[in-house]
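# Structural overview for review
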Amino acid sequence: MKKTVKTEVDKSTAKEIKVGGTIMGFIHWLGSVLPMLLLFALFALGTVKLWQRGIAADVFKIRPSIFITEDTAYAPEALREFERLSRNFSGMSLLKPGLLDEVKEVYESSPWVEEVCALNRVYPNKVNIEFIPRFVAAQLRHEGYYWLVASDGVLLPADGVKTEYKNLPVISGDIEHRPANGEIWHSDGVSGALKALQALQHSEFGKELGVTRIRISAPSFIDKLKRPGRSRPRLVIDTNSHITVLWGTCSENFPGEPDTASKISRLQQLLSEWKGKGNLERDVCFDVRTSVAGYNL
């Protein structure tokens, strides 16, 4: 019996000593860590307060400013839009979280901006923005008004006017309904005219030729019956060089008709021959719709 009692007392004592040691160890650890926790909390609180004071400080408030090189290349409506976009963030703190994402979203929502390429903060109160703008490629005559479109067919947000814009190619003729601002003008004739315009303007003789108007003619009823599913609008191009070009369809793979590159090559050949004859002041019509280039007086 004595042996059994002695064993029970020893176990109880050992267990009590173990528990007491754990509690004391935790208290000791907490006492050593608590000052660090308090310092970290004070540091975090100070950082938040400093950030709040920085956001509210006038020195970090964005000031509306705009600097665009070669502003003569932009339409007045585009310049007004760029100024509006810059004012949109006036007074906002440069330290605001998510500021650059917000700026990018707002700029890319404008039809006058094709893509935002780069953004960065310039302390204390500026944001540098690099973006690709949309330029006016042509004016479309639709229901008696002239509308501005970019080279990708996007209708630019400018009020329709009844008087032609000067020194800007006109696309007219069979044009389907007008889309909302910022949307693409979905029409085979319009897209084809814009592609032909770009091809001519980027050619070696583009400046010399000087496209003034592209007329879109819809396929006739008989044409639709003869060529179901293959009819396309036709283009006739007027220039400021006494030259009219029968361009043909807008399609790159229309049966029996050369593609755009071939038409440009044939037009260059005809223009060279015409210049060689010295009849530049006479009106002439160049036909590039077939594989055999030709012209009519």
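Above this text is the structure in question.
Below or above, wherever it landed, is the structure these notes cover. Computed from a predicted model, the values in this text were never measured in an experiment.

## Focus: the overall build of the protein chain
A tally of helices and strands in the protein chain yields seven helices and ten strands. The 297 residues of the protein chain split such that 34% are buried. Considering only intrachain contacts with a sequence separation of at least 6, the fraction spanning at least 24 residues in the protein chain is 51%. Total accessible area computed for the protein chain in this model is approximately 18,900 Å², and 56% of it derives from carbon and sulfur atoms.

## Details of unusual backbone geometry
A cis amide bond links Tyr 123 with the next residue in sequence, Pro 124, at an omega value of 15 degrees. On the secondary structure map, Pro 124 appears in the loop between strand S1 (113-122) and strand S2 (126-133). Even without a glycine there, the phi angle at Asn 167 is positive, about 55 degrees. Residue placement: Asn 167 occurs in the loop between strand S4 (145-150) and strand S5 (170-173). Taking relative accessible area as the criterion, Asn 167 reaches 82% and is therefore assigned exposed. In this structure, His 242 takes a positive phi of about 65 degrees despite not being glycine. Within the secondary structure, His 242 sits in the loop between strand S7 (234-239) and strand S8 (243-249).

## Here we look at the environment of Gln 201
The residue Gln 201 is located in helix H4 (residues 188-201) in this model. The class for Gln 201 is partly exposed, based on a relative accessible area of 41%. The sequence separation of Gln 201 and Val 211 amounts to ten residues, and the corresponding C-alpha distance is 7.8 Å. Excluding anything up to four places from it in sequence, Gln 201 contacts Pro 169 and Gly 206.

## Examining the nonpolar core
With 34 residues, the main nonpolar core has Ile 171, Leu 200 and Trp 247 as its most contacted residues. Elements represented by at least two residues in this core include exactly strand S3 (136-142), S4, H4, strand S6 (211-217), S7, S8, helix H7 (260-277) and strand S9 (284-287). The element that contributes the greatest number of residues to this core is H4, accounting for six residues. Sequence-distant contacts of Ile 171, that is, excluding residues within four places in its chain, are made with Ala 138, Gln 139, Leu 140, Arg 141, Ala 193, Leu 194, Ile 214 and Ile 216.

## Observations concerning H7
With 18 residues, H7 ought to run about 26 Å at 1.5 Å a step, and its terminal C-alpha atoms sit 26 Å apart, in line with that. Every buried residue belonging to H7 is among Thr 260, Lys 263, Ile 264, Arg 266, Leu 267, Leu 270, Leu 271 and Trp 274, and all of these are buried. What you see down the axis of H7 is that its buried residues fit within an arc of 165 degrees, all on one side. Seen from the open side of H7, the exposed residues pointing more than 90 degrees away from its buried face are Ala 261 and Gly 276.

## Some words on the packing of aromatic side chains
On inspection of all chains with the given rule, the structure shows five aromatic pairs. Here Tyr 107 and Phe 131 contribute two aromatic rings whose centre-to-centre distance is 5.8 Å and whose plane-to-plane angle is 50 degrees, an arrangement assigned as tilted. With Tyr 107 in helix H3 (residues 99-108) and Phe 131 in strand S2, this residue pair connects regions lying 24 residues apart in the sequence. Accessibility expressed as a relative area gives 6% for Tyr 107, which makes it buried. Judged by relative accessible area, Phe 131 falls into the partly exposed class, the value being 23%. Relative to Trp 147, the ring of Tyr 145 has its centre 6.2 Å away and its plane inclined at 45 degrees; by these criteria the two rings are tilted. An aromatic cluster is defined as three or more aromatic residues linked by ring pairs; in this entry it consists of Tyr 74, Phe 82, Tyr 107, Phe 131 and Phe 135. Here Arg 178 stacks its cationic end above the ring of Trp 147, 3.8 Å away from the centre of that ring.

Calculation notes
Residues numbered from 1 in each chain as written. Predicted model: local features only at pLDDT ≥ 70, side-chain atom pairs only at ≥ 80, totals over all residues. Heavy atoms only, no water. Helix = DSSP H or I, 4+ residues; strand = E, 2+ residues; numbered from the N terminus. Buried < 20%, exposed > 50% of the residue type's maximum accessible area, 1.4 Å probe, protein only. Contact = heavy atoms within 4.5 Å. Areas by Shrake-Rupley, 256 points an atom, 1.4 Å probe, with all protein chains shown as cover. Core = buried A, V, L, I, M, F, W, Y, C linked by side-chain atoms within 4.5 Å. Expected span 1.5 Å × (residues − 1). Arc of directions from axis to C-beta. Phe/Tyr/Trp six-rings, centres within 6.5 Å; stacked < 30°, edge-to-face > 60°. Lys NZ or Arg CZ within 6 Å of the ring centre and 35° of its normal.

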